Amino acid sequence: MKLLSVVVPLKDERDNVRPLVERVRGALAAAGPWELVLVDDGSSDGTFAELEAVAAEEPRVKVVRLRRNFGQSAATQAGLDAAAGDVIATMDGDLQNDPADIPVMVAKLDAGFDAVLGQRLNRQDKVLLRKVPSLCANWLIRKVLGIPFKDFGCAMRVMRRDVADGLLLYGEMHRFITALVLQQGARVTQVPVRHHARSAGASKYNLTRTVRVVLDLMTVKFQGSYQTRPMHLFGLFGLVCLFLGFAGVSASVVMKYTSGPGMTANPLFLLGAVASLMGVQFVSLGLMGEVLTRVYFESQGKRPYAVRESRNLADAPVTTKRAA
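The shown structure was predicted, so the numbers you read here are calculated from the model rather than taken from an experiment.

Asks: I tried to follow the packing of aromatic side chains on my own but got confused; where do I start?
Replies: The tally for this structure, following the rule as stated, stands at two aromatic pairs. Between the aromatic rings of F222 and F234, the centroid separation amounts to 6.1 Å while the plane-to-plane angle is 50 degrees, which identifies the pairing as tilted. With F222 in helix α8 (residues 208–226) and F234 in helix α9 (residues 230–256), this residue pair connects regions lying twelve residues apart in the sequence. Relative accessible area serves as the criterion here: at 28%, F222 is assigned to the partly exposed category. A cation sits over an aromatic face here: R65 above F48, 4.2 Å from the ring centre. Positioned above the aromatic ring of F70, the side-chain terminus of R68 is 4.0 Å from the ring centre.

Structure (C-alpha cells):
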C-alpha cells in the first residue's frame, strides 16, 4: 500500500500538539500506512518539547526543528522534503482543519486527480479580520490567475509525490500552492472540508498579510505566464511607451510649425521624451530578462517543461525535482 505523509508546520502550538496527533491517529486508523511530519518553525513556547515527547511515544511521528522562524512557506517546504510518502497531505497545526477529511480527499486521487484541495465551509473565523480579507484575496487571485477555485487559503490539501516534488516554496508562496500545482499541469479538484474554531493558542494572522498576498500574486502571475518569455511582457510595455513618445514628439513638431507653442514650451514634447526613455528601459529589461532566463535554464540543466509519463522511450528525459 502507498505511504501517506501528513505535513504540519507549527509555530507556538504547544497545547495543540497532542490533540493534533490523537486526531490524526484516529482519522487514519483504517487508512493504511501513514506518517506525521511535524515541523517546528522556531517556536518559543515549549512546542518542541511536546514534539519530542510525542515522537518518543509514536514512531510514525517525525519531527523537524528549524533553527529559527522562517515562515509557513519554508516550514511547509521542510516538511515536504522530510516526507517519505507516495501521497502527501498538508494541514495547519491549530486544529481548525479536521484530519478526518484526509481519507476522503485521498480517495479522490483515485478518480484521476493529481491534487485535491480543501474548501472551508462554515468558517469559524472573525468576519472583519479573516473572512472579509480572505474573500477579497480569493476573488483577486481568481481574476488575475484565471483559476476557478473559491478557497486558496485552505491549508488542507492532498497531492501525489511527483506534484509535491515540483514545488519550491519560499517567502509567502504557501498561499499560492494551488496556482503552483496548476502551473505544473496537474489535474486538480476542490472538495468541501470542515473548519473548526481555534481551541488553544493564538492566531498568527494579521491584515498586513493582505499586502504581501498582492505582491506575491504578481510574482506568481509573472512566473506562470512570462518566466520563459519576459520580453513579451516588458517588450510590450516598451513598444507602447515608444509609440506614445514618438506620437508626443511628432505632435510637438507639427505644433511648432503651425499655430502651437515651441517645442521646449510644449508639454507634449516633454511627455514624449519621458515616454521614449521609459520605452527604451522596458525593452532593455526584457532583453536582460531573456538573458537571465537562458542562464537559469541552461546553466542548471533545467527544462521548461514537466513530463507526466511516457511510453516506449528507453532514454526518456528525466524531470528532476524542482524543475520549472
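Having seen the model, we can carry on.
Asks: What is the right way to read the confidence of the model for the protein chain from this model?
Replies: Atomic detail in the predicted coordinates should be set aside for any region of low pLDDT. When pLDDT is averaged along the protein chain, the result is 84; 87% of the residues meet or exceed 70. Considering each helix and strand of the protein chain separately, the mean pLDDT is smallest for helix α5 (residues 127–145), with a value of 72, and largest for strand β4 (residues 87–90), with 95. In this model, residues 318–324 is a region of pLDDT below 50 whose contacts with residues beyond four sequence positions or in other chains number 19 contacts.

Asks: I keep staring at the nonpolar core and nothing clicks. Help me out?
Replies: Soluble, globular proteins show a tendency: their nonpolar side chains are buried together. L80, M159, L167, F176 and V181 are the most contacted members of the largest nonpolar core, which totals 33 residues. Breaking this core down by element, the ones donating at least two residues are β2 (34–40), α3 (72–82), β5 (115–120), α5, α6 (161–165), α7 (177–183) and α8. By residue number, the principal contributor to this core is α7, which donates four residues. V6, L51, V54 and V87 belong to the second largest nonpolar core, which has 28 residues in total.

Asks: Which parts of the structure should I look at to understand the packing of α9 against helix α10 (residues 267–299)?
Replies: In a packed pair of helices, the relevant descriptors are the angle between the two axes and the axis-to-axis distance. Running from N to C, α9 and α10 point in directions that differ by 160 degrees, and their axes come no closer than 7 Å. Considering the angle they form, α9 stands roughly antiparallel to α10. Considering the relative orientation of α9 and α10, their crossing is left-handed. Considering only residue class, the contact of α9 with α10 consists of 21 nonpolar, eleven polar and one charged.

Cut-offs and rules
Residues numbered from 1 in each chain as written. Predicted model: local features only at pLDDT ≥ 70, side-chain atom pairs only at ≥ 80, totals over all residues. Heavy atoms only, no water. Phe/Tyr/Trp six-rings, centres within 6.5 Å; stacked < 30°, edge-to-face > 60°. Helix = DSSP H or I, 4+ residues; strand = E, 2+ residues; numbered from the N terminus. Buried < 20%, exposed > 50% of the residue type's maximum accessible area, 1.4 Å probe, protein only. Lys NZ or Arg CZ within 6 Å of the ring centre and 35° of its normal. pLDDT = per-residue confidence, 0-100. Contact = heavy atoms within 4.5 Å. Core = buried A, V, L, I, M, F, W, Y, C linked by side-chain atoms within 4.5 Å. Axes fitted to C-alpha atoms, helices over the stretch in contact; angles between N-to-C directions. Parallel < 35°, antiparallel > 145°, perpendicular 65-115°, else oblique. Left-handed = near helix turned anticlockwise from the far one by under 90°. Nonpolar A, V, L, I, M, F, W, Y, C, P; charged D, E, K, R; others polar.

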